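Overview (structure and organization)
Okay, here's what each chain looks like letter by letter:
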Amino acid sequence: MANENKDEFLDDIESLEAEQDRIAEEDEAAEVDELEQMRAERDEMKDRFMRALADAENSRKRSERDRREAEQYGGSKMARDMLPVYDSLKRALETVTDEQRATSGALIEGIELTMRELLHVFEKHGIVRIAPKVGDRFDPNFHESMFEAPLPDTKAGDIIQVSAEGFMLHDRLLRPAQVGVSSTPKG
């Protein structure tokens, strides 16, 4: 009987140990699951943080680009509105005769000074003239064809007349140069 009690006692100890091992394994598995869950949550938060950081950087770059463009091209409407003033001054100076220059020299000099000042302001703000010459090749990126006409001793696509100069604002076309183009066939 004492042996039976001893065996029972040992069985109880073994079952308690087995139960403790099982509980320890469950606790360990729960800890591993909790640790994996925390790692997954950490990775998700890290991913969200990196995306937010990249989004903020993209926004900063976009706003910087928009600011630069507004600085460079913000005055393009006013610049475009000033081009007829340039055209009028140029036409006025082109029609001056020697007789008018002799009688109204101060007035003509004032118009010339105004023209130089306007060109200086244009240059200061990145506005550049496109001044093609007769005989240059037509370039649709900078020229607008106002008419085509066959002209002897020219090739098709040659500029045969310049009606108005064009203008660029930095790297953008404000107004194309208005030109006449030869349509003489090759032959």
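Above this note sits the structure.
Figured I'd write up the structure that's included with this text. Residue positions are given per chain, counted from 1 along the sequence in the order it is written. Reporting of local features is limited, given that this is a predicted model, to residues whose pLDDT is at least 70; pairs of side-chain atoms are given and counted only at 80 or more, and all residues count toward the totals for whole chains, interfaces and linings. Side-chain metrics rest on all non-hydrogen atoms present in the structure, leaving aside hydrogens and water.

Here we look at the overall build of the protein chain
Put simply, the test is: Counting from the N terminus, the helices are the DSSP runs of H or I reaching at least four residues and the strands are the DSSP runs of E reaching at least two. Only the C-alpha atoms count toward the radius of gyration. The rule for a globule is 2.2 Å times the residue count to the power 0.38. Burial classes: relative accessible area under 20% of the type maximum marks a residue as buried, over 50% as exposed, and values in between as partly exposed (1.4 Å probe, protein chains only). Throughout, a contact is declared for two residues whenever any of their heavy atoms are within 4.5 Å. The Shrake-Rupley method, run with a 1.4 Å probe, gives the accessible areas here. Residue values count only the displayed protein chains as cover.
Along its length, the protein chain carries four helices and six strands. Over its C-alpha atoms the protein chain spans a radius of gyration of 42 Å, topping by over 25% the 16 Å that the globule rule assigns to 187 residues. Counting only C-alpha atoms, the protein chain reaches 145 × 50 × 15 Å along its principal axes. Across the 187 residues in the protein chain, those meeting the buried criterion constitute 18%. Sequence separation of at least 24 residues holds for 64% of the intrachain contacts in the protein chain that already meet a minimum separation of 6. As displayed, the protein chain has an accessible area near 14,300 Å², and 53% of this comes from carbon and sulfur atoms.

Some remarks on the pattern of salt bridges
What counts, and what does not: Basic side-chain nitrogens of Lys or Arg form a salt bridge, by our definition, when they fall within 4 Å of a carboxyl oxygen of Asp or Glu.
Scanning all chains against the criterion turns up 15 salt bridges. Taking the shortest distance from any N to any O, the salt bridge between Asp47 and Arg51 comes out at 3.0 Å. Residue Asp47 and its partner Arg51 are located together in helix α1 (residues 2-73), separated by four residues, close to a single helical turn. Relative accessible area serves as the criterion here: at 59%, Arg51 is assigned to the exposed category. Here the residues in one salt-bridge network are Glu64, Arg67, Arg68 and Glu71, joined through shared partners.

Digging into the environment of Ser163
With respect to the helices, strands and loops of the structure, Ser163 is situated in strand β3 (residues 159-164). The spacing of Ser163 and Met146 is 17 residues in sequence and 8.2 Å in space, taken between C-alpha atoms. Residues within four places of Ser163 in sequence aside, it is in contact with Met146, Gln178 and Val179.

Topic: the sheet that holds strand β4 (residues 166-169)
Selection criterion: When DSSP finds at least two bridges between two strands, those strands are taken to pair. For every element, the axis is a line fit to its C-alpha atoms; helices are fit only across the contacting stretch, and the angle between N-to-C directions ranges from 0 to 180 degrees.
If you walk across this open sheet you meet the three strands as β1-β4-β5, and the pairing is antiparallel. Strand pairing shows two members of the sheet lacking a second neighbour, β1 (127-130) and β5 (172-175), which therefore form its edges. Ignoring strand direction, the axes of neighbouring strands in this sheet form an average angle of 35°. Most of the contacts of helix α2 (residues 76-94) go to β5, to which it runs at about 45°, and overall it touches β1, β4 and β5.

Quick notes on the pairing of β4
Residues in a regular strand point their side chains to alternate faces of the sheet. On β4, burial covers both faces: Gly166 and Met168 on one face and Phe167 and Leu169 on the other are all buried. A loop of two residues connects β4 with β5, the two strands running antiparallel in sequence, and His170 in this loop sits at a positive phi of about 55°.

With respect to a nonpolar patch on the surface
Keep this limit in mind: Distance thresholds for patches are 9 Å for like charges and 5 Å for nonpolar side chains (Val, Leu, Ile, Met, Phe, Trp, Tyr), applied to residues having over 30% relative accessible area and no salt bridge.
A surface patch of nonpolar side chains, amounting to about 320 Å² of accessible area, comprises Phe49, Met50 and Leu53. Inspection of the secondary structure puts Met50 in helix α1. We classify Met50 as partly exposed; its relative accessible area is 45%.

Considerations on a negative patch on the surface
Where we set the bar: Counting rule for charge: Lys and Arg are taken as positive, Asp and Glu as negative, and neither His nor the chain ends is counted. The atom standing in for a charge is NZ when the residue is Lys, CZ when it is Arg, CG when it is Asp and CD when it is Glu.
Where like charges cluster on the molecular surface, the negative patch consists of Glu14, Glu17, Asp21, Glu25, Asp27, Glu28, Glu31 and Glu34. Position of Asp21 relative to the elements: it lies in helix α1.

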